[in-house]
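Spelled out from the first residue to the last, the chains are:
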Amino acid sequence: MFKIALKLIKKYDRIIIHRHSHPDGDALGSQLGLAAIIKDNFKGKEVYVVGDEATRLPFMNGVMDEIPDEYYKDALAIILDCGSSRLICDERYKTAAKTLRIDHHIYCEEVADVDIVDSTYESACGMVTMLAKECKLKLSPVSATALYTGMVTDSGRFVFDSTSARTFELAAFLMSQPIDLNTLYYNLYSEDFSEIIEKADNMHKIKFTQNNVAYIYTAREDLPENSEAAPIVSTGLVGLMRDIKGVHAWVNFTESVDGVHTEIRSNKYNINPIAVKYGGGGHKKASGCTVPDKATAMKLLADLDALAAE
């Protein structure tokens, strides 16, 4: 499956790597990991990573390159961890000589000239790792650490049901490099005491529908910093509801300048069609979208409640 990707990487001297905006560990890890793999295995190639500022995981050192438009001429643009074209961090990929996508979300549209999409993978990092393994490309501590980080975060520390035997095989492949797991996990999961208190406060905001769908709704004026933080806040808060006994679907709504950022999760139902209905997408049990207002958010919540009643 990855031979065509390797062929394209070998063909182009300039490669520009994209991912979805507001990057999580998988988007950033796959982007930085693939960039390092290409640099380590193909000397002389120009490799750039582009996109919005990666504020969520600062320890990953995800500093993006600023490049002029003309760099896309005769370049290969690679899009990672992105199921929808509207979520790609930099639209200039459309002007590249050739485009390639590697993604693990449920397929909803053609994005690139070559689309490699497989939703059986727990992460895009897992797919990039398989590319390296199948194509016998060498790893480095930098590439392995970035890819392992994305694999851990998108599998929920290897507890989500997208985790498979292949996940652990690929994790073991990455750990052939000296990954500092103590430092990695500390950076991922340690929190300031003020953040712990804030989470406790948000736990008191959890409400339940008639059929036990848990939800949190945060208005713009209640955001800790500003409206630009909405995607980060929403992703963080949705995890607070994951382990409530008797709850099999949960959703977090966070208002932003663009609408209401929505993260939907389940440990039982396929909630992806509901996200798609409202203009989003993702996975069967982890999807998201942005709806225009609170009224629409409540309609989405009603759809989730109806799903839970079935």
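Below: a short report on this structure.

So, how was this worked out
Residues numbered from 1 in each chain as written. Predicted model: local features only at pLDDT ≥ 70, side-chain atom pairs only at ≥ 80, totals over all residues. Heavy atoms only, no water. Helix = DSSP H or I, 4+ residues; strand = E, 2+ residues; numbered from the N terminus. Buried < 20%, exposed > 50% of the residue type's maximum accessible area, 1.4 Å probe, protein only. Contact = heavy atoms within 4.5 Å. Areas by Shrake-Rupley, 256 points an atom, 1.4 Å probe, with all protein chains shown as cover. Pairing = 2+ DSSP bridges. Phe/Tyr/Trp six-rings, centres within 6.5 Å; stacked < 30°, edge-to-face > 60°.

### Overview of the overall build of the chain
Scanning the chain from terminus to terminus reveals 10 helices and 11 strands. Along the three orthogonal principal directions, the C-alpha set of the chain runs to about 60 × 40 × 35 Å. Relative to its 310 residues, the chain shows a buried fraction of 54%. Counting contacts in the chain only where the partners sit at least 6 residues apart, residues at least 24 apart contribute 62% of the total. Per element, the accessible surface of the chain, about 14,700 Å² overall, is 51% carbon and sulfur.

### Concerning the sheet that holds strand β7 (residues 214–218)
By way of backbone hydrogen bonds, the strands of a sheet pair with one another, either parallel or antiparallel. In spatial order, the strands read β6-β7-β8-β9-β11-β10; together these six strands make up an open sheet with mixed pairing. Either end of the sheet is taken by a strand with one partner, and the two such strands are β6 (207–208) and β10 (281–282). In terms of strand pairing, strand β9 (residues 259–266) meets strand β11 (residues 286–291) through six bridges, oriented antiparallel. Its bridge partner lying in β11, His261 is registered against Thr290.

### What to know about the environment of Val63
Inspection of the secondary structure assignment puts Val63 in the loop between β2 (46–49) and β3 (76–80). For the pair Val63 and Val50, spaced 13 residues apart in sequence, the C-alpha to C-alpha distance is 8.6 Å.

### Side note on the packing of aromatic side chains
One pass over the structure, following the stated rule, counts five aromatic pairs. Between Tyr48 and Tyr71 the ring centres are 5.4 Å apart and the planes differ by 55°, which places this aromatic pair in the tilted class. Note that Tyr48 is positioned in strand β2 and Tyr71 in the loop between β2 and β3, a separation of 23 residues in sequence. Accessibility expressed as a relative area gives 17% for Tyr48, which makes it buried. Seen from their ring centres, Phe158 and Phe168 are 5.4 Å apart, and the 35° between their planes marks the pair as tilted.

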